[in-house]
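Take a look at the letters that make up each chain.
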Amino acid sequence: MSIASKQPDKKASKAPEKIKVSGVILVDKPKGMTSQQVVSKVKYLFKSPIHDSKKAGHTGTLDPMATGLLPICLGEATKFSHYQLDADKSYQATILLGSQTDTGDADGQVVAQSSIPTFDDVSLATIAQQFLGPQQQIPPMYSALKKNGKKLYEYARAGIEIDRPPRDIIIKAIELHAIDDIQICLTVTCTKGTYVRVLAEDIAKTLGTLGHLTALRRTQVGNFSIDDSIALSALEDKDLDSRHSQLLPVDACIDIDAELVLTEEQCARVHMGQRLNVSDSLIGKLRDYVASNAAHQISHASEVETNIAGSDIGTGDSMDISQPLQHELAVDIRLLNEQGAFLGLGAVSLNGRLQPKKLIQR
């Protein structure tokens, strides 16, 4: 026997490639677990000898004390998770009046106390109106925001206070109702980056006292509802096939309706990263959609230019602000093949140029 014949057949010994688990699952996060712990548990529950579930992430952190909707993206769906990171979110919370904690919720230590004035639903409705609309909010020290690569809560635990610039938020809907003489029920819909703990503290201060959260439940993320979620314990009780049946499609996070069907040749080209000229297909509702979104981008750019022009920029400073041309502005759309299968996202402009943006692997 020759030496060459003794060499192992690497192709024959190679383990079969596992099936990548891809999709979105809506989990009702239990109290006491971090969001990342829930993600790790979900990854484990979808793992099998033939399934790969290593790639996963959530679409917005919930505090350990909080419960409720936590959309988790697996596999190819993680490419589109930012659409839900940026989405509006709704919460239901309970505010306990009369005391303030260092964390803003029941997991912290009481650091101050105050008497509680009398209140009713009428006075609470007046207070709620004061918090409706655009405003700025200073993030809490007990948060996962980072300063010099270190999380703020790490500084807070060391007794170090870090300067935090205020962030722009919008409270889109808010209701306050009395539970009893010391507790208030808060229901709120807000933009990303809003800390309900801080909102609760500010509401208590407006009422003339102190307060902190004793319960927080997320009920909505974008178009996802808590009613469509599954408890982590219920997911664990299911067999593997039933768990897979809970998965939403890989594009479930995307809130774009506009779509373009590509030919087999065009599909091959976009998967190679090539640009296409799709002028002939850019008609009707699709063209209207691209034109409308391009016009919105121009309007936003004009607002930014106006704000910069009105700022305190020195006369010696210069900024090159060129007005974008509407027919050149790219707008994200869905890409499908001729069988109707989702390919990913592309950016198309009114001049007919299509640039592949985020494509999934099948």
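None of the values given here were measured: they were computed from a predicted structure. (Residues numbered from 1 in each chain as written. Predicted model: local features only at pLDDT ≥ 70, side-chain atom pairs only at ≥ 80, totals over all residues. Heavy atoms only, no water.)

**Brief notes about the overall build of the chain**
Here comes step 1: A tally of regular secondary structure across the chain gives 10 helices and 21 strands.
Here comes step 2: Counting all 362 residues of the chain, 41% fall into the buried class.
Here comes step 3: The contacts in the chain between residues at least 6 apart in sequence include a share of 69% that link residues at least 24 apart.
Here comes step 4: A total accessible area of about 20,100 Å² is found for the chain, and carbon and sulfur atoms account for 49% of it. (Helix = DSSP H or I, 4+ residues; strand = E, 2+ residues; numbered from the N terminus. Buried < 20%, exposed > 50% of the residue type's maximum accessible area, 1.4 Å probe, protein only. Contact = heavy atoms within 4.5 Å. Areas by Shrake-Rupley, 256 points an atom, 1.4 Å probe, with all protein chains shown as cover.)

**A short note on the pattern of salt bridges**
Here comes step 1: Within the structure shown, the criterion is met by 10 salt bridges.
Here comes step 2: The shortest N-O distance in the salt bridge between Lys79 and Glu76 comes to 2.9 Å.
Here comes step 3: Residue Lys79 is classed as partly exposed on the basis of its relative accessible area of 21%.
Here comes step 4: As a salt-bridge pair, Asp332 and Lys357 come within 2.7 Å of each other at their nearest N and O atoms. Linking Asp332 in strand β19 (residues 331–336) with Lys357 in strand β21 (residues 353–359), this pair joins segments that are 25 residues apart in sequence.
Here comes step 5: By relative accessible area, Asp332 is classed as buried at 18%.
Here comes step 6: Each member of the salt-bridge network shares a partner with another, and the members are Lys20, Glu76 and Lys79. (Salt bridge = Lys/Arg side-chain N within 4 Å of Asp/Glu carboxyl O.)

**Here's the deal with the sheet that holds β21**
Here comes step 1: In space, the five strands of this open sheet follow the order β17-β19-β20-β21-β18, with mixed pairing throughout. Since the sheet does not close on itself, it has two edges, and those belong to β17 (259–261) and β18 (276–277), each with one partner.
Here comes step 2: The pairing of β19 with strand β20 (residues 342–348) spans six bridges and is classified as antiparallel. Note that in β20 the partner of Val331 across the bridge is Val348. (Pairing = 2+ DSSP bridges.)

**Looking at the UniProt feature "active site" (unreviewed entry) in the chain**
Here comes step 1: With numbering aligned to this structure, UniProt lists the feature "active site" (unreviewed entry) at Asp63.
Here comes step 2: Turning to its location among the elements, Asp63 is positioned in the loop between β4 (56–58) and β5 (67–74).
Here comes step 3: For Asp63, a relative accessible area of 25% translates into the label partly exposed.
Here comes step 4: When neighbours within four sequence positions are excluded, Asp63 is seen to be in contact with Lys29, Met33, Asp105 and Arg197. (UniProt positions renumbered as here; feature names shortened; annotations may be inferred.)

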